[in-house]
Amino acid sequence: MKDPLIVVLLSTAVIAGTPLLFAALGEILSERAGVLNLGVEGMMLVGAVSGYIATVQSGNHWVGVIAALGAGGMMAAIHAFLSVTLRANQVVSGLALTIFGTGLSAFLGKGYIGRPVPDVFKPVEIPVLSRIPYAGKILFEHDSLVYLSFLLVIMIWIIVFKTRWGLNLRAVGENPAAADSMGIPVYLTRYLCVISGGMLAGLGGAYLSLAYAPTWVENMTSGRGWIAVALVIFAVWHPGKAIVGAYIFGGVDSLGFHIQAMGDKALFLKDVSPFFLQMLPYILTIIVLIIVTSETKKRRVGTPASLGLPYDREER
Amino acid sequence: MYKKVLALITVLLMAVAVFAGCGGGADKASSGQQGEDKSQEAEKTKVAFIYVGPAGDAGWSYAHDLGRKYLEENVSGIEVTPPLESVPEGADAEQVIENLVQKGNKIIFATSFGYMDAMEKVAKKHPDVTFLHCSGYKVLDNMGTYFGRIYQPRYLSGIVAGKTTKSNTIGYVAAFPIPEVVRGINAFTLGVRSVNPDAKVKVVWTNTWYDPAKEKDAAKSLLEQGADVVAQHQDTPGPMQAAEEAGKFGVSYNSDMRQFAPKAVLTGPVWNWGPYYAETVQAILDGTWKSEQYWGPIGDGIVDLAPYGDMVTDDVKALVDAKEREIVDGTWDVFTGPIKDNTGKERVAAGAKLTDQEMLEMLWFVEGVDGIIPQE
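Criteria and cut-off values
Residues numbered from 1 in each chain as written. Chains lettered and ligands numbered in written order. Predicted model: local features only at pLDDT ≥ 70, side-chain atom pairs only at ≥ 80, totals over all residues. Heavy atoms only, no water. Helix = DSSP H or I, 4+ residues; strand = E, 2+ residues; numbered from the N terminus. Rg over C-alpha atoms; globule rule 2.2 N^0.38 Å. Buried < 20%, exposed > 50% of the residue type's maximum accessible area, 1.4 Å probe, protein only. 1 Å grid on protein atoms, 1.4 Å probe; cavity = no way out; pocket = protein on both sides within 12 Å on 5 of 7 lines; lining within 4 Å. Points joined across faces, edges and corners; volume = space filled by probe spheres on them. Nonpolar A, V, L, I, M, F, W, Y, C, P; charged D, E, K, R; others polar. Pairing = 2+ DSSP bridges. Axes fitted to C-alpha atoms, helices over the stretch in contact; angles between N-to-C directions. Contact = heavy atoms within 4.5 Å. Buried area = accessible area lost by both parts, 1.4 Å probe. Salt bridge = Lys/Arg side-chain N within 4 Å of Asp/Glu carboxyl O. Expected span 1.5 Å × (residues − 1). Phe/Tyr/Trp six-rings, centres within 6.5 Å; stacked < 30°, edge-to-face > 60°. Lys NZ or Arg CZ within 6 Å of the ring centre and 35° of its normal. Domains from an automatic or database assignment. Polar contact = N/O pair within 3.5 Å; in protein donor to acceptor, adjacent residues only side chain to side chain.

**Here's the deal with the overall build of chain A**
Counting its secondary structure elements, chain A contains twelve helices and zero strands. Mapped from its N terminus to its C terminus, chain A presents α and β elements in the order α-α-α-α-α-α-α-α-α-α-α-α. Taken over C-alpha atoms, the radius of gyration comes to 20 Å for chain A, in line with the 20 Å a tight globule of 316 residues would show. When its C-alpha atoms are laid out on the principal axes, chain A stretches across 65 × 50 × 40 Å. Burial analysis of chain A (316 residues in total) assigns 57% to the buried set.

Structure follows, in structure tokens:
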């Protein structure tokens, strides 16, 4: 039986959205603690290449995943050192890391171009759940990293909003001086959030090079790190909204391709330029940004108040 | 204050790490060469290359880099300097090319269209240096152009696709709606329909040369719409991987992509710059080179078909060989009439042939293409 088009579309959207989702979840952690990380693109690239190299060397994709987590985390540690300890400008540090990561990943990957991955992530059907009509095909016939991303959304949501530690984390992002006086270790919290955020960005990169399009070519993230940063605003710093946003951002391209491939069967949609569709998520992001900025004045909608501001104990 | 210094040092360390890393390989290579060849160094002609992308793109620049290595191995008496990668097109390239001349390079290859004006300016100033520009149209006494008739192997790959399809729907993942890509789609479609007049070629535009994940999604949408062979004018193996996963077939591009999709890849047009680079440099060294606009046919080996996948039968190979011979003999070329466009209008009369100029400006689809050319 052939699946209805909408099921195919949504199923593709889940795959296309997963690398964005990993990176966006990481960015949410980091920004919730008050550190803007614009190095996501570079961290994804380094994660993609390390995961790829480790998989080629070891023959096991889970080794690749661990390498990607480690590499993303190390890149983020540089960002944390610069922006938390040295209180450097977070925008500049992040941009520097993206450029650094692009170069580093190209250099590391030089000898690996054009080699296939020996052990790629293959779709695993989850018993029972994958039998659910439509939803089963859309959500539960993917590779294990997709399921990991579902778990991470729930875990991060619980940690950030339902635990004491999450409360501390948000306090650090809102008002580090107050948090400090409450005895919350501001620097440690920020370090932990930035580094785990970088690890997730690395994982997002590895999803591209090990599962989505298993290969390594230079610059293979093609700007997805930047999309993830936009996605965090779109999701108003909330993991639950990030998953929806990630699938919208991921699915739009695929929708455009399907409309083209359908030709006359797409009816009136065939006259909509595929290039126009690709702009939609960004237009939505700008609209959300406008709403967020005007709403923050009236009530709290999520922007961490100290986002982007370095914290200096002595200047209290 | 000390924090600022520390920050500066960290950034410097990162920069040093990158440069040391990138430069390391090249340094070793060149110092090794100097050791061996010190005695003849003065006589060696220096040859330089500029790429628009990274040599590791596994596509366009990668193919040129393979050609550069072939040149290095097959022509003696030259020193091939390390390539300059990801050089921006346009006015900035002038500085880069001028700099190469100052460093003593006598032969310079620029491998992208956008270097044309910059190269022309520098070439006018340095008549003793030979300049070669890929895919452009400006020629001076010391500046030639070169390109390959990739549409010829595309036509041949179309024959293989047309013989393979069962659903009579073939997908084509295309990058940008420009004449080069449109010409490729048309040549491919003519090839398909020469052996299978009922088949249609569906086109999807991706608006990128280079994004493995997006290209794969585009191919998936075509497979979903009933295509059982997917061809590509893209630089990554993404579409081939989509075909492999769906248990369908693919026609690759740029280089042999069978390793990424061994059960799917039938064949595909490939670039093979090496022999051209070797012959041209040798001719310049011998003093027999003359400036020209070179658009190399398949007979010269500059373009070719990738090795066939195991599923391609001998009958199909024989069909392709026969057509290839006609092209090499010059008795026939791809855009020989009668050819209709996909609105039914006759574009090439029976027996007529498109001129090179008409091919270079082609922005219409032949009959059998199912798709639109987006206009601005």
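**Description of empty space enclosed by the protein**
Tallying each qualifying case throughout the model produces one cavity of 30 Å³ or more. What lines the largest cavity is Val252, Asp253, Gly256, Phe257, Gln260, Pro274, Leu277 and Gln278 of chain A together with Trp205 of chain B. Where the lining of the largest cavity is concerned, the elements lending two or more residues are α11 (239–262) and α12 (274–298) of chain A. In terms of residue class, the lining of the largest cavity is made up of five nonpolar, three polar and one charged.

**Describing the sheet that holds strand β12 (residues 293–296) of chain B**
Residues and elements named next belong to chain B. Taken in spatial order, the six strands make up an open sheet running β2-β1-β3-β4-β5-β12, and their pairing is parallel. The open sheet has two free edges, formed respectively by β2 (78–80) and β12, since each of these has just one partner strand. When strand polarity is set aside, the average angle formed by the axes of neighbouring strands in this sheet is 20 degrees. Sheet topology note: the strand β5 (residues 143–148)/β12 ladder contains four bridges and is parallel. Across the sheet, the residue bridging to Thr145 is Gln293, located in β12. Its contacts with the sheet put helix α3 (residues 92–102) on β1 (45–50), β3 (105–110) and β4 (130–134), and the angle it makes with β3 is roughly 155 degrees. Where helix α4 (residues 116–125) meets the sheet, its contacts fall on β3, β4 and β5, and the angle it forms with β4 comes to roughly 170 degrees.

**Points about the environment of Lys317 of chain B**
All names here are of chain B. By the element assignment, Lys317 lies in helix α10 (residues 314–329). The exposure class of Lys317 is partly exposed, given its relative accessible area of 26%. Once the C-alpha coordinates of Lys317 and Val160 are considered, the two residues, 157 residues apart in sequence, prove to be 7.8 Å apart. Setting aside residues no more than four positions away along its own chain, Lys317 makes contact with Tyr308 and Val312.

**Regarding the interface of chain B and chain A**
Counting from both sides, the interface comprises 40 residues of chain B and, opposite them, 43 residues of chain A. Buried area between chain B and chain A, both sides added, is near 3,700 Å², and the carbon and sulfur share of it is 64%. Taken together, the connections running from chain B to chain A amount to three salt bridges. Salt-bridge contacts for Arg224 of chain A lead to Asp211 of chain B; the nearest nitrogen and oxygen are separated by 3.1 Å.

**Concerning helix α6 (residues 179–195) of chain B**
Between the first and last C-alpha of α6 of chain B there are 25 Å, a value that for 17 residues agrees with the 24 Å anticipated at 1.5 Å per step. Within α6 of chain B, the full set of buried residues consists of Val181, Val182, Arg183, Gly184, Ile185, Asn186, Ala187, Phe188, Thr189, Leu190, Gly191 and Val192 of chain B.

**Examining the environment of Asn272 of chain B**
All names here are of chain B. Tracing the sequence through the fold places Asn272 in the loop between β11 (269–271) and α9 (274–286). Taking the relative accessible area as the measure of exposure, Asn272 reaches 32% and is therefore partly exposed. Not counting the four nearest positions on each side in its chain, Asn272 is found in contact with Gly301 and Ile302.

**Some points on the packing of aromatic side chains**
Residues and elements named next belong to chain B. Under the defined criterion, the tally for this structure stands at 30 aromatic pairs over all chains. Here the aromatic residues Phe49, Tyr51, Trp60, Phe109, Tyr146, Phe147, Trp271, Trp273, Tyr276, Tyr277 and Tyr294 are joined through ring pairs into a cluster of three or more. Here the basic side chain of Arg154 rests over the ring of Tyr253, its NZ or CZ set 4.3 Å away from the ring centre. The aromatic ring of Trp332 is capped on one face by Lys323, whose charged end is 4.1 Å from the ring centroid.

**Let's talk about the domain arrangement of chain B**
Interfaces are often sized by the accessible area lost when the parts come together. All names here are of chain B. The domains assigned to chain B are domain 1 (45–148 + 273–300) and domain 2 (151–268 + 306–370). Tallying the contact residues gives ten residues for domain 1 and 16 residues for domain 2. Of the roughly 1,000 Å² buried between domain 1 and domain 2, counting both surfaces, carbon and sulfur atoms make up 67%. For the pair domain 1 and domain 2, the interface holds zero salt bridges. Counting across the domain 1 and domain 2 interface gives one residue pair in polar contact (both at pLDDT 80 or more).

**Describing the sheet that holds strand β9 (residues 249–251) of chain B**
What links the strands of a sheet is backbone hydrogen bonding, and the strands pair in either a parallel or an antiparallel sense. All names here are of chain B. Read across the sheet, six strands follow the order β10-β9-β8-β6-β7-β16 without closing on themselves; strand pairing throughout is parallel. One side of each edge strand has no neighbouring strand; the edge strands of this open sheet are β10 (265–267) and β16 (369–370). Pairing of strand β6 (residues 169–174) with strand β8 (residues 229–233) involves five bridges; the strand directions are parallel. Bridge pairing in β8 links Tyr172 to Ala231.

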